[in-house]
Amino acid sequence: MAAKVTKVRCPQCGGEALWSPENKYRPFCSERCKLIDLGAWASEAYRVPVQEETAEPSADFSTPAKPHLPE
Ligand SMILES: [Zn+2]
């Protein structure tokens with residue numbers, strides 16, 4: 001009897017991934033593919049906002065009449 005296993009395409013490597021409770025990495029075929037995908041995602045997710053916020057913080061809006069006194 002052939003086991004009833006659904007196979008999906010791994011979004012990372014394009015290989016076959018088992019879509020079953022046994023495959024906790026689904027829809028990826030393996031832990032590695034999942035980590036690669038998450039890593040790529042995280043680095044992009046981090047990159048975009050960081051670059052935007054790195055752009056000079058609006059100096060025009062930051063406390064105009066408050067000189068930084070040393071004492
Ligand atoms: Zn894969």
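Residues numbered from 1 in each chain as written. Predicted model: local features only at pLDDT ≥ 70, side-chain atom pairs only at ≥ 80, totals over all residues.

Moving on, we get to the overall build of the chain. Helix and strand counts for the chain stand at one helix and two strands. Going residue by residue from the N terminus, the α and β elements of the chain occur as β-β-α. Counting every position in the chain, which comprises 71 residues, the buried fraction comes to 7%. The contacts of the chain with a sequence gap of at least 6 include a subset with a gap of at least 24, amounting to 7%. (Helix = DSSP H or I, 4+ residues; strand = E, 2+ residues; numbered from the N terminus. Buried ≥ 20, exposed ≤ 12 C-beta atoms within 10 Å, placed from the backbone. Contact = placed C-beta atoms within 7 Å.)

Confidence in the prediction for the chain averages 80 pLDDT; 66% of positions are at 70 or higher. Of all the helices and strands in the chain, helix 1 (residues 31-54) carries the lowest mean pLDDT, 76, while strand 2 (residues 16-19) carries the highest, 95. (pLDDT = per-residue confidence, 0-100.)

This part covers the environment of Thr6. Turning to its location among the elements, Thr6 is positioned in strand 1 (residues 6-9). Each C-alpha atom of the pair Thr6 and Trp19 lies 5.2 Å from the other, and the pair is 13 residues apart in sequence. If we skip the residues at most four places from it in the chain, Thr6 touches Trp19 and Ser20.

Relative to strand 2, strand 1 is paired through four bridges, and the arrangement is antiparallel. Each bridged residue has a counterpart across the sheet, and for Lys7 the counterpart in strand 2 is Leu18. What sits between the antiparallel neighbours strand 1 and strand 2 is a turn of six residues, in which Gly14 has the positive phi angle 80 degrees. (Pairing = 2+ DSSP bridges.)

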